[in-house]
Amino acid sequence: AQTVTQSQPEMSVQEAETVTLSCTYDTSESDYYLFWYKQPPSRQMILVIRQEAYKQQNATENRFSVNFQKAAKSFSLKISDSQLGDAAMYFCAYRGDTGSYQLTFGKGTKLSVIP
Amino acid sequence: EAQVTQNPRYLITVTGKKLTVTCSQNMNHEYMSWYRQDPGLGLRQIYYSMNVEVTDKGDVPEGYKVSRKEKRNFPLILESPSPNQTSLYFCASSSSDRGRNQPQHFGDGTRLSIL
């Protein structure tokens, strides 16, 4: 079974600075999909960014980018120019290329942004 | 507006009293899923459905039932709730005919407290 590990339960960053959230996963599949979701205090689950494993280029969405290292099974999220609204729980998630469409989530990283 | 709607948002009830949490999506998605979120554990899948009349167990199905009689609806049923089912519940949906890179769209969550 696939597992997703987020080793940082909590992190903090100064406003306008850059922070990187780590995520590693374990899988025997060669093709799969990775996602970062943000959960603000409102509890909504909001997609931040996604990456297909067969694409070598790292995904980017405005201030959010990933560092995808397939051989190392690592999928970190970089937030540049951090803003107060970035404060939230961040979840890394994995979906395989076969079988069900299940998303396997990590346990989350709580990000605080310091003004 | 594309959305996943869950009801109720909050519910406090007592052990053994049957309850249903409704979930409806307006995006014509084939895949629907239920998760529970507990502190320190992230999101764990309860049940999922690949299409009408097709459901299967996720990682933590004990004590729950689901049905998928219509494409848009996927209710979660607790026949005899117990205090260990106190949690935050999310319904999610995604397209399965446009590839596995499609993100899941989440409802706003249902906070259940079983006394």
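Structure: see above.
Residues numbered from 1 in each chain as written. Chains lettered and ligands numbered in written order. Predicted model: local features only at pLDDT ≥ 70, side-chain atom pairs only at ≥ 80, totals over all residues. Heavy atoms only, no water.

Colleague: Sorry if this is basic, but what is going on with the overall build of chain B here?
Modeller: Summing up its helical and strand segments, chain B has zero helices and 11 strands in all. In sequence order, the secondary structure elements of chain B are arranged as β-β-β-β-β-β-β-β-β-β-β. Compactness check: chain B gives a C-alpha radius of gyration of 13 Å against a globular reference of 13 Å for 115 residues, within 12% of the reference. Taken over the C-alpha atoms alone, chain B extends approximately 40 × 30 × 25 Å along its principal axes. Looking at chain B as a whole, 51% of its 115 residues are labelled buried. (Helix = DSSP H or I, 4+ residues; strand = E, 2+ residues; numbered from the N terminus. Rg over C-alpha atoms; globule rule 2.2 N^0.38 Å. Buried < 20%, exposed > 50% of the residue type's maximum accessible area, 1.4 Å probe, protein only.)

Colleague: Help me understand unusual backbone geometry in this model?
Modeller: Note on backbone geometry: most residues besides glycine have negative phi, and most peptide bonds are trans. Cis rather than trans, the peptide bond between asparagine 7 of chain B and proline 8 of chain B has omega equal to -5°. Here proline 8 of chain B lies in the loop between strand S1 (4-7) and strand S2 (10-13). For alanine 16 of chain A, which is not glycine, the phi dihedral falls at a positive 80°. Of note, alanine 16 of chain A is situated in the loop between strand S2 (10-14) and strand S3 (19-21). The backbone phi angle of glutamate 53 of chain B is positive, close to 65°, even though this residue is not glycine.

Colleague: I'm lost on the pattern of salt bridges in this one. Help?
Modeller: A side chain of one charge can pair with a side chain of the opposite charge if their charged atoms are brought near each other. Residues and elements named next belong to chain B. Applying the stated criterion to the full structure yields seven salt bridges over all chains. The partner of lysine 71 in a salt bridge is glutamate 30, with the nearest N and O atoms 3.7 Å apart. Here lysine 71 is found in the loop between strand S7 (65-66) and strand S8 (76-78), whereas its partner glutamate 30 is found in the loop between strand S3 (19-25) and strand S4 (31-38), with 41 residues between them in sequence. Under the relative-accessibility criterion, glutamate 30 is labelled buried at 11%. Between aspartate 38 and arginine 36 there is a salt bridge, with the nearest N and O atoms lying 2.9 Å from each other. The network of salt bridges with shared partners includes Arg36, Asp38 and Arg44. (Salt bridge = Lys/Arg side-chain N within 4 Å of Asp/Glu carboxyl O.)

Colleague: How should the side chain of glutamine 39 of chain A be read in this particular structure?
Modeller: Positionally, glutamine 39 of chain A belongs in strand S5 (residues 32-39). You can call glutamine 39 of chain A buried: its relative accessible area is 8%. Among the polar contacts made by the side chain of glutamine 39 of chain A, one reaches the side chain of glutamine 37 of chain B at a distance of 2.8 Å. Residues in contact with glutamine 39 of chain A, not counting those within four places in the same chain, are Gln44, Met45, Ala88, Met89 and Phe91 of chain A together with Gln37, Leu88 and Phe90 of chain B. (Polar contact = N/O pair within 3.5 Å; in protein donor to acceptor, adjacent residues only side chain to side chain. Contact = heavy atoms within 4.5 Å.)

Colleague: I keep staring at the interface of chain A and chain B and nothing clicks. Help me out?
Modeller: For interface size, the figure often reported is the accessible area lost on association. Taken together, the contacts link 23 residues of chain A with 29 residues of chain B. Between chain A and chain B lies a buried interface of about 2200 Å² when both sides are counted; carbon and sulfur atoms form 50% of it. Among the residues of chain A in contact with chain B, Arg43, Tyr101 and Gln102 of chain A are the three that bury the most area, contributing 35% of the side total. In this structure, the connection of chain A to chain B is made through zero salt bridges. (Buried area = accessible area lost by both parts, 1.4 Å probe.)

Colleague: Is there a simple way to explain the layout of surface pockets in this structure?
Modeller: Here the idea is plain: a probe the size of a water molecule rolls over the atoms and shows the empty space left. By volume, the largest pocket is sized at about 380 Å³. Lining the largest pocket are 20 residues, with Gln39, Met89 and Phe91 of chain A together with Gln37 and Pro39 of chain B positioned closest to its centre. Among the elements of the structure, strand S10 (88-96) and strand S12 (109-114) of chain A together with S4 of chain B are those that each provide at least two residues to the lining of the largest pocket. Its residues assigned to classes, the lining of the largest pocket comprises 10 nonpolar, five polar and five charged. Taken as a whole, the second largest pocket spans an internal volume of roughly 310 Å³. (1 Å grid on protein atoms, 1.4 Å probe; cavity = no way out; pocket = protein on both sides within 12 Å on 5 of 7 lines; lining within 4 Å. Points joined across faces, edges and corners; volume = space filled by probe spheres on them. Nonpolar A, V, L, I, M, F, W, Y, C, P; charged D, E, K, R; others polar.)

Colleague: Explanation requested: the state of the cysteines in the structure shown.
Modeller: Simply put, the disulfide is a covalent bond whose two ends are the sulfur atoms of two cysteines. All names here are of chain B. The tally for this structure, following the rule as stated, stands at two disulfides over all chains. Covalent S-S linkage joins cysteine 23 and cysteine 91, the inter-sulfur distance amounting to 1.9 Å. With the S-S bond torsion at -75°, the cross-link from cysteine 23 to cysteine 91 turns out left-handed. Taken as a pair, cysteine 23 in strand S3 and cysteine 91 in strand S9 (residues 87-94) lie far apart in primary sequence, 68 residues in all. Under the relative-accessibility criterion, cysteine 91 is labelled buried at 0%. (Disulfide = S-S within 2.5 Å.)

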